[in-house]
Amino acid sequence: MNPLVRWRSKRQAGERGKGGKEAKGSGEKGGTLRAVWRHAREDVQVVCDKDPAVNSPFEVLLYPHLHALWLYRAAHALYLRDHRVAARAVSLFGRVVSGGIDIHPGARIGRRFFIDHGCGVVIGETVRIGDDVMLYHLVTLGSVGWWHDQTRGPGAKRHPTLDDGVVVGTGACVLGPVEIGANSVVGAKAVVMTSLPSDTRVRAGQVVPHGSENGSPRRAAPATTVNLRVADRRSTE
């Protein structure tokens, strides 16, 4: 074959390969942007569905938890790429602009996540949150203490898992590597340190310590809160 013809053939083949890669990259980028847009619309819609104070979708854009959630997603992407300092910087910015919602970039959060009032919420590094989970303000999803965490070994789970549809009321704490079953409700100011089966109702102010049988509380909170029952999800605020 003529050397000039061979050179032209190789060049054309290389251009076709490059064009294919560019088209594939463009398609992947477009798919990512569509997914981001779809999730953002879901985030807005879930607030409209659950908060009767909303008058328009544009008002929802001023809800502080949305800024924390969207910045968390950016921080989480950096965290997964091992850009830990950059992830922390984005997370810190999200905490500032949201009024104190502290979401560790290593946490994993499902779709349609809603933090009502969005203030003083703490979500630890190994937290796992399913879809359609709702938290009220001042909720802590944390560990049971660094002295326990040191005995777990590197990479061990230290924080809770909330399955789909869980609601956690104002000021409640869920601590340690426990799992809260789907559609459970944890009442305001309750403290949960053991795993709970699906559809569990923890009364407001109760303490469910580590090792409680079937998630039943060993002791109650002070008398001022023990009679506050979680009748339904709306009473958790």
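Residues numbered from 1 in each chain as written. Predicted model: local features only at pLDDT ≥ 70, side-chain atom pairs only at ≥ 80, totals over all residues. Heavy atoms only, no water.

*Asks:* Tell me about the packing of helix α3 (residues 64-80) against helix α4 (residues 84-97), and name the residues and values.
*Replies:* With their axes 8 Å apart at the nearest point, α3 and α4 run at an angle of 175° to one another. Between α3 and α4, the angle is such that the two are roughly antiparallel. Contacts from His67, Ala68, Leu71, Ala74, Ala75, Leu78 and Tyr79 of α3 reach α4 at Arg84, Ala86, Ala87, Val90, Ser91, Phe93, Gly94 and Val97. Of the residues assigned to the contact of α3 with α4, the class counts are eleven nonpolar, three polar and one charged. (Axes fitted to C-alpha atoms, helices over the stretch in contact; angles between N-to-C directions. Helix = DSSP H or I, 4+ residues; strand = E, 2+ residues; numbered from the N terminus. Parallel < 35°, antiparallel > 145°, perpendicular 65-115°, else oblique. Contact = heavy atoms within 4.5 Å. Nonpolar A, V, L, I, M, F, W, Y, C, P; charged D, E, K, R; others polar.)

*Asks:* Can you explain the pattern of salt bridges? Please cite residues and give values.
*Replies:* Going through the model one piece at a time under the given rule, you end up with nine salt bridges. A salt bridge links Asp149 to Arg152; the nearest nitrogen and oxygen atoms lie 3.4 Å apart. Judged by its relative accessible area of 30%, Arg152 falls in the partly exposed class. Look at the salt bridges and you will find they share partners, linking Glu42, Arg111, Arg112 and Asp132 into a network. (Salt bridge = Lys/Arg side-chain N within 4 Å of Asp/Glu carboxyl O. Buried < 20%, exposed > 50% of the residue type's maximum accessible area, 1.4 Å probe, protein only.)

*Asks:* Tell me about the nonpolar core, and name the residues and values.
*Replies:* When a protein is soluble and globular, its nonpolar side chains tend to lie buried together. Grouped together as the largest cluster of nonpolar side chains are 30 residues, with contacts concentrated most on Phe113, Ile123, Leu135 and Leu141. Residue contributions to this core peak at three residues, all from α3. In terms of nonpolar packing, the next biggest core, distinct from the first, is built from twelve residues, Val60, Met134, Tyr136 and Val185 among them. (Core = buried A, V, L, I, M, F, W, Y, C linked by side-chain atoms within 4.5 Å.)

*Asks:* Could you give an account of the sheet that holds strand β12 (residues 185-186), naming the residues involved and the relevant values?
*Replies:* With parallel pairing, the five strands of this open sheet are ordered in space as β3-β6-β9-β12-β14. Edge positions in the sheet fall to β3 (114-115) and β14 (201-202), since each of these pairs with one other strand and no more. Pairing of β3 with strand β6 (residues 134-135), which is carried by two bridges, proceeds in the parallel orientation. Its bridge partner being in β6, Ile115 is matched across the sheet by Leu135. (Pairing = 2+ DSSP bridges.)

*Asks:* Give me the sheet that holds strand β7 (residues 140-142): which residues, what numbers.
*Replies:* Sheet strands pair by backbone hydrogen bonding; their relative direction is either parallel or antiparallel. The sheet built from six strands is open, its strands ordered β1-β4-β7-β10-β13-β15 with parallel pairing. Whereas interior strands pair on both sides, the edge strands pair on one side only; in this sheet they are β1 (102-103) and β15 (207-208).

*Asks:* I'd love a proper account of unusual backbone geometry, names of residues and values included.
*Replies:* Of note in the backbone geometry, Asn183 takes a positive phi value of approximately 65° without being a glycine. Here Asn183 is to be found in the loop between β11 (179-180) and β12. Under the relative-accessibility criterion, Asn183 is labelled partly exposed at 34%. Notably, Asp199 is not glycine yet its phi reads approximately 65°, a positive angle. With respect to the element layout, Asp199 can be found in the loop between β13 (191-192) and β14.

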